[in-house]
Amino acid sequence: MKDHYDIAIIGTGPAGMAAATVASAHGADVLIVDEQPEVGGQIYRGITHQSIKDKTILGDDYYKGQSLADAFAASNADHVSGATIWQVSPEREIGISKDGAAHLLTADQVIIATGAQERPFPIPGWTLPGVMTAGSAQILLKSSGITFSNAVFAGTGPLLYLIAYQYLKAGVPIRAILDTTPKSNRLKALPHLPGALFHLSSIMKGRKWIKALKSSGTLFIEGIDNLKITGKDSTEAIEYLLQNKWHRIEASNVFLHQGVVPNVNLAMASGCIHHWNEQKLCWHASTDEWGSSNVPGISIAGDGGGIGGAIAAEYQGRIAAYQALYTTNKVKKQERDTNVLPAQHALTHEMRIRPFLDAMFRPATQYRIPTDDATIVCRCEEVTAGKIRESISLGCAGPNQLKGFTRCGMGPCQGRFCSLSVSELIAKAQNVSVNELEQLRLRPPVKPLMLAELANLTTLASEDT
Amino acid sequence: MSPAYDSIVVGGGLVGSALAFGLQREGLSTLILDEGDLAFRATRGNFGLVWVQSKGIDYSPYAHWTWESAETWASLSNLISEITGIDVGYRRPGGAEICVDDKEFAAKRQKMKKLQSHSPHVKFEMLDQKSMAELLPGLSPDVAGGCYFSGDGHANPLNLLRGLHQSFKSMGGVINSNAPVNDIVSQGSSFTAKTKKGQFHGARIILAAGLGTQNLANKVGMDIPVHPDRGQILVTERLKPFLTIPLSKIRQTIEGSVQIGDSHEDAGLDVGMSTPILNKMAIRAVQMFPHLGNTRIVRAWSALRIMTPDGYPIYEQSEQHPGAFAAVCHSGVTLAAAHALQVPKYIIEGTLPTSLAPLRTNRFKKEMAHA
Amino acid sequence: MHEIEMKPSPKVSIEFDGQTLQANKGETVAAALLRQTHLAFRTTPVTGKSRGPFCMMGVCFDCLVEIDGAPNRQACMTYVEDGMRVKRQLGAGDTGVFLSDEEDTQ
Ligand SMILES: Cc1cc2nc3c(=O)[nH]c(=O)nc-3n(C[C@H](O)[C@H](O)[C@H](O)COP(=O)(O)OP(=O)(O)OC[C@H]3O[C@@H](n4cnc5c(N)ncnc54)[C@H](O)[C@@H]3O)c2cc1C
Ligand code: FES
């Protein structure tokens, strides 16, 4: 690791790997960092060791990551794995922590490619041990071959069906799939169907998963209301309302999922402007066609700026890399433009299906804005929806005051699993759009940092005597 | 036009809320007009000390005013808890400042002697490392010691703010947030505060708008010089309790997190973070308590303190427009009791007492005349 | 628990609350514990409720455990090493310096 790089990239998912490969091929001095020990990001996790013997379990889309990872491995970017970036200042001073030691370095250009996380699913009981995200089930499967028999999958969205299908392929019995997709979504998605037809094969793939799940004899129930998980010290059952009748399914493991949302904390703490996307119900980075943010030298690529999926992320990574190369005088304008053209076209094509998916799998209000006052919204500080509503009625103008009043968002996750719900709760109570509210103010360190690491910061301590 | 409120308080931070609480409690119908969610609010970056041992060393009126507030803090805390059930976390176990080396130790002793010369109630004790370590498990064997004073304490500033707001409201007070005041007009015996949410009329107007006070004060014939002073705070994950008393730069909250703070830097209106300063704060914390090195910082904060030219609070009433008051200070927690229990009486009487004369603005004019 | 057939991996042994268990080299502490169907990793410092891993990707901080004496480590982000001593994280972090309950005057 050096003190300075032409281009620093955070995240080795498809966006980051693509950006690093392009940038180093054109002679830039590139640093790429990820907190995971291996490349691949969320989708291609474990792609370099591919430990699962039966390749039909994860499917072709997963193994597509191989060529990307190979190209990246052949590049001469400086890859630092197992290291967390806890700060990117507006001056592009980067704080990195690895093996219990923190360092500062700088870069002319920074590409933030921190990807997505799963959307919070605040329902009663979602904090019980045994309740995990569906993504967790997939991570355990991809990297350790661990699965849980007779688990319940609940929620909505392609990823939920994909992971359940991967379980099916792996021969793991599933207790039930509880689909929370609101029935009314279909009608609302209809106008977006023409765009989606450009991706007929993707739609067919999704249908195949659902068909396979249904015909496998797995309990597959649609139109679920009032989902809740019950149990004393761990998960015992999942309960729901169907046609005005309560039902109960016993299970020790429940996997929840209702879509993914950008992982915005690092970019927000760097001062990058974000706006509320009402179609996708989450924050989006406000960037230009190159992914450049309002902060000079900082751009955002991949799902971290807005959900577009792995293929789109790869194109966005390339585009951001060419722009960074151009800005640092590594390629000429002409070269940049001819090189990005195919990526831009492909990206436009890739994005055509999104409005349809967003409308079709828009999570129901009841699962984003808890109706039951006792439901925990902030997992870290155990702040309930009722407590939040009470503080709003006391005059809390936005999430920052609310944080002061309730400690909501003050814990180690730094709002990652509550701030979307909080924003929507406040907006609803004040009858305004989320865009009219302030955003939760985030500051570095965006991930917890040991006090000793901060005390022993290398470059600073040596300069600062 | 008849004023709708007996008093309007501009600013819903710790100072404004304490004043409004007191005014409403004294029977005045009171309105708080507050800025939005991201106001430059010192309250949120506050450290929570109810602190005596470093206040007014060179200015006895401030030392006495601080003491008066500290001595009545328990009543404020009780009042809030009676009205709302909220525990504002007030404890008065004494407090200490750690001196890492002999030089700091000697300097601290010198200062405390000076403080005691005009404030004999500050019965401080200079303790060596060994005696200090008995009070503070985990204290590094390498520090020189420090100063302990039994009259220091702390509170949870966020609970205090919530407690003040909630009790103010339950006594009938009105809070209008997201309504920053952009103009004030005085008409004879009343004032009109103009906001984007409309105009509000009051018989009195009290400016406690922190850094925004200066601008508004000009509109009612006062000059209240304030400037921002950035303070940064590091907050660790929750830890099992180990600090029985608050220290001037380290405090463990009731929830268990350890706050490390107190940096001073003039950064204008920038509330960004400065890594060199955080680095220095971390070095000092680990120097004092090596076991903290292995704990994680989960948050860092920076907020703007409200500084006056000499660092002491300002209380003022407009000569041109009686009924218009201003109050600014940087120790809104320590002085909360004085603001809630004392100042409202003066506002109602319509005159600031002679005891507060040294904290009015003509002290700056005198200095000017000197220069 | 249902294990999928994987390429063979070297084993390491770790200790969890005093009990020895086998783990695959290259997997996270969280995966190793879940493999043994330990779902609860900690109790919260706020209400003492049980919690276990939720996201498995380092964002929720519900998988906190004590590792080799250091409190509040993310089990899903820490990789097993032979001889590692893992404990449930019970409530707030313990730095080795704390007061007994009677002394706690806060
Ligand atoms: C759990 C999960 C499972 C998914 N599974 C699938 C799937 O099976 N199929 C599918 O099509 N899509 C899946 N998705 C969506 C898919 O992950 C994205 O579309 C795609 O990975 C986006 O690529 P990316 O490069 O933008 O981000 P990612 O692939 O998410 O890569 C971001 C990387 O940044 C790293 N990172 C983040 N913050 C920091 C930091 N502060 N310091 C250091 N490193 C950091 C992360 O560790 C991660 O490796 C999944 C998403 C999630 C959250
Ligand atoms: S399981 Fe979410 S951080 Fe480890």
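It should be noted that the structure appears before, not after, this text.
Every residue gets a number counted from 1 within its own chain, in the order that chain's sequence is written. To label them, take the chains in the order written and letter them from A, then take the ligands in the order written and number them from 1. Per-residue local features of the predicted model are confined to residues with pLDDT of at least 70, and side-chain atom pairs are confined, for both listing and counting, to 80 or more; whole-chain, interface and lining totals are unaffected and use all residues. With hydrogens and water excluded, all non-hydrogen atoms of the structure serve as input to the side-chain values.

Caption draft 1: Structural context of the overall build of chain B. The secondary structure content of chain B amounts to 10 helices and 17 strands. We take the radius of gyration over the C-alpha atoms and set the globule estimate at 2.2 Å times the residue count to the 0.38 power. Its C-alpha atoms give chain B a radius of gyration of 21 Å, near enough to 21 Å, the size a compact globule of 371 residues would have. In terms of principal-axis extent, the alpha carbons of chain B reach across some 70 × 45 × 40 Å. Relative accessibility thresholds used throughout: buried, under 20% of the residue-type maximum; exposed, over 50%; partly exposed, between the two (1.4 Å probe, protein chains only). Across the 371 residues of chain B, 63% fall into the buried class. Any two residues having at least one pair of non-hydrogen atoms within 4.5 Å are treated as being in contact. Within chain B, contacts between residues separated by at least 24 positions form 73% of all contacts whose residues are at least 6 apart in sequence. Taken as a whole, chain B presents about 13,300 Å² of accessible surface, with 51% of it coming from carbon and sulfur. For the purpose of counting charges, residues Lys and Arg are taken to be positive, whereas Asp and Glu are taken to be negative. His and the chain ends are not included. Note that the charge is assigned to NZ on lysines, CZ on arginines, CG on aspartates and CD on glutamates. With 36 positive and 33 negative side-chain charges, chain B shows a separation of 2 Å between the mean positions of the two kinds. The helix and strand labels rest on DSSP assignments: H or I over at least four residues marks a helix, E over at least two residues marks a strand, and numbering proceeds from the N terminus. With residues, only the protein chains shown are counted as cover, and all accessible areas are computed by Shrake-Rupley using a 1.4 Å probe.

Caption draft 2: Region of interest: the overall build of chain C. Counting secondary structure elements, chain C contains one helix and eight strands. In terms of overall dimensions, chain C has C-alpha extents of about 55 × 25 × 20 Å along its principal axes. Across the 106 residues of chain C, 57% fall into the buried class. Considering only contacts within chain C whose residues lie at least 6 apart along the sequence, 40% involve residues at least 24 apart. Only carbon and sulfur atoms are counted for the fraction: they give 46% of the accessible area of chain C, which is about 4,600 Å². Measuring between centres, the 11 positive side-chain charges of chain C sit 8 Å from its 15 negative side-chain charges.

Caption draft 3: Structural view of the pairing of strand S4 (residues 83-88) of chain A. Residue and element names in this part refer to chain A. A large share of S4 lies buried, amounting to five of its six residues. The sheet contact formed by S4 and strand S5 (residues 93-98) spans five bridges and is antiparallel. Counterpart to Thr84 in the pairing with S5 is Ser97. DSSP calls a pair of strands paired once it identifies at least 2 bridges connecting them. Between the antiparallel neighbours S4 and S5 lie four residues, among them Arg92 with a positive phi of about 65°.

Caption draft 4: Structural view of the nonpolar core. Counting 221 residues, the largest nonpolar core has Phe153, Leu178 and Leu227 of chain A together with Trp73, Leu76 and Leu160 of chain B as the members making the most contacts within it. Discounting residues that sit within four places of it in the chain, Leu76 of chain B has contacts with Phe21, Leu160, Leu164, Ala336, Ala337, Ala340 and Leu341 of chain B. Counting residues in hydrophobic clusters, the runner-up holds 36 residues, among them Tyr148, Leu247, Ile260 and Leu278 of chain B. Remark: nonpolar core denotes a set of buried residues (Ala, Val, Leu, Ile, Met, Phe, Trp, Tyr, Cys) joined through side-chain atoms within 4.5 Å.

Caption draft 5: The arrangement of the packing of helix H1 (residues 14-25) of chain A against helix H10 (residues 310-327) of chain A in detail. All names here are of chain A. Between N-to-C directions, angles span 0 to 180 degrees; the directions come from axes that are lines fitted to C-alpha atoms, helices contributing only their stretch in contact. Following both chains from N to C, one finds H1 and H10 inclined at 35°, their axes separated by 7 Å at the closest point. As for the relative orientation of H1 and H10, their crossing is right-handed in sense. Residues Pro14, Ala15, Ala18, Ala19, Val22 and Ala23 of H1 form the contact with H10, whose own contacting residues are Ala310, Ala313, Glu314, Gly317, Arg318, Ala321, Tyr322 and Leu325. By residue class, the composition of the contact of H1 with H10 is 11 nonpolar, one polar and two charged. Crossings are assigned a handedness: left-handed for a near helix turned anticlockwise from the far helix by less than a right angle, right-handed for a clockwise turn. Only Asp, Glu, Lys and Arg are considered charged, only Ala, Val, Leu, Ile, Met, Phe, Trp, Tyr, Cys and Pro nonpolar, and every remaining residue, Gly among them, polar.

Caption draft 6: Highlighting the packing of aromatic side chains. All names here are of chain A. Whether two aromatic rings pair depends on their centres lying within 6.5 Å, for rings of Phe, Tyr and Trp, where Trp uses its six-membered ring; planes under 30 degrees apart make the pair stacked, over 60 edge-to-face, and the rest tilted. By the definition in use, this model includes 18 aromatic pairs over all chains. Both rings, one in Tyr62 and one in Tyr63, keep their centres 4.8 Å apart while their planes meet at 85°; by these two values the pair is edge-to-face. Under the relative-accessibility criterion, Tyr62 is labelled buried at 4%. Given the relative accessible area of 15%, Tyr63 is considered buried. Grouped by ring-pair contacts, the aromatic residues Phe148, Phe153, Tyr167 and Phe255 constitute a single cluster. Here the guanidinium or amino end of Lys214 rests over the ring plane of Phe220, the centre of that ring lying 5.0 Å away. Note on geometry: a ring has a charge over it if NZ (lysine) or CZ (arginine) is within 6 Å of the ring centre and within 35 degrees of the ring normal.

Caption draft 7: Summary view of the interface of chain C and chain B. Chain C puts 18 residues into the contact, and the matching count from chain B is 20 residues. Two parts placed together each lose some accessible area under a 1.4 Å probe, and the buried area is that loss summed for both. Summed over both sides, the interface between chain C and chain B buries roughly 1,700 Å², with carbon and sulfur atoms accounting for 56% of that surface. The working definition used for a salt bridge is a side-chain nitrogen of Lys or Arg within 4 Å of a carboxyl oxygen of Asp or Glu. At the junction of chain C with chain B, the criterion picks out zero salt bridges. The definition of a polar contact used here is a pair of N or O atoms within 3.5 Å, where within protein one atom must be able to donate a hydrogen and the other to accept one, and adjacent residues in sequence count solely through side-chain atom pairs. At the surface where chain C touches chain B, the tally comes to eight residue pairs in polar contact (both at pLDDT 80 or more). The element that contributes the greatest number of residues to the side of chain C that touches chain B is strand S7 (residues 70-74) of chain C, accounting for four residues. Split into classes, the residues belonging to the side of chain C that touches chain B amount to nine nonpolar, five polar and four charged.

Caption draft 8: Representation of the interface of chain C and chain A in the model. At the junction of the two partners, chain C supplies 34 residues and chain A supplies 52 residues. Of the roughly 3,600 Å² buried between chain C and chain A on both sides combined, carbon and sulfur atoms contribute 61%. On the chain C side of the contact with chain A, Met6, Phe54 and Met57 of chain C bury the most area, a combined 21% of that side's loss. If you look at where chain C meets chain A, you find two salt bridges. With its nearest N and O atoms 2.7 Å apart, the salt bridge here joins Asp62 of chain C to Arg379 of chain A.

Caption draft 9: Quick peek at the sheet that holds strand S13 (residues 225-230) of chain A. Residue and element names in this part refer to chain A. Read across the open sheet, the three strands follow the order S13-S14-S15; overall the sheet is antiparallel. The open sheet has two edge strands, S13 and strand S15 (245-250), and neither has a second partner. On average, adjacent strands in this sheet sit at an angle of 20° to one another, irrespective of strand direction.

Caption draft 10: Spatial organisation of the site of ligand 1. Residue and element names in this part refer to chain A. In the neighbourhood of ligand 1, 33 residues make up the surrounding shell, with Ala15, Asp34, Ile85, Gln138 and Asp303 lying closest. With respect to ligand 1, the side chain of Asp34 contributes an N or O atom lying 2.6 Å from an oxygen atom. Contact with the protein chains hides 92% of the accessible area of ligand 1, taken as 990 Å² for the molecule alone. Of all elements in the fold, only H1, S4, strand S7 (116-118), helix H4 (134-144), helix H5 (158-169) and H10 reach the threshold of two or more residues within the shell around ligand 1. Class assignment of the residues belonging to the shell around ligand 1 gives a composition of 14 nonpolar, 14 polar and five charged. Structurally, the shell around ligand 1 is a two-domain feature, drawing no fewer than three residues from each of domain 1 (4-117 + 261-331) and domain 2 (120-258). Here a residue counts as near a molecule or strand whenever at least one of its heavy atoms sits within 4 Å of it. For the purposes of this description, domain bounds are those given by an automatic or database domain assignment.

Caption draft 11: Region of the structure containing the side chain of Thr218 of chain A. Residues and elements named next belong to chain A. By the element assignment, Thr218 lies in the loop between helix H8 (200-215) and strand S12 (219-222). Separated by 2.7 Å, the side chains of Thr218 and Ser216 make a polar contact. Residues within four places of Thr218 in sequence aside, it is in contact with Leu168, Ile174, Ala176, Ile177 and Leu213.

Caption draft 12: Representation of the sheet that holds strand S6 (residues 145-149) of chain B. All names here are of chain B. Spatially, the three strands line up as an open sheet ordered S4-S6-S5, and their pairing is antiparallel. The sheet is open, and its two edges are formed by strand S4 (95-99) and strand S5 (125-128), each paired on a single side. Between one strand axis and the next, the sheet turns by 25° as a mean value, whatever way the strands run. For S4 and S6, the ladder comprises five bridges, and the chain directions are antiparallel. In the sheet register, Ala96 faces S6, and the bridge partner there is Tyr148.

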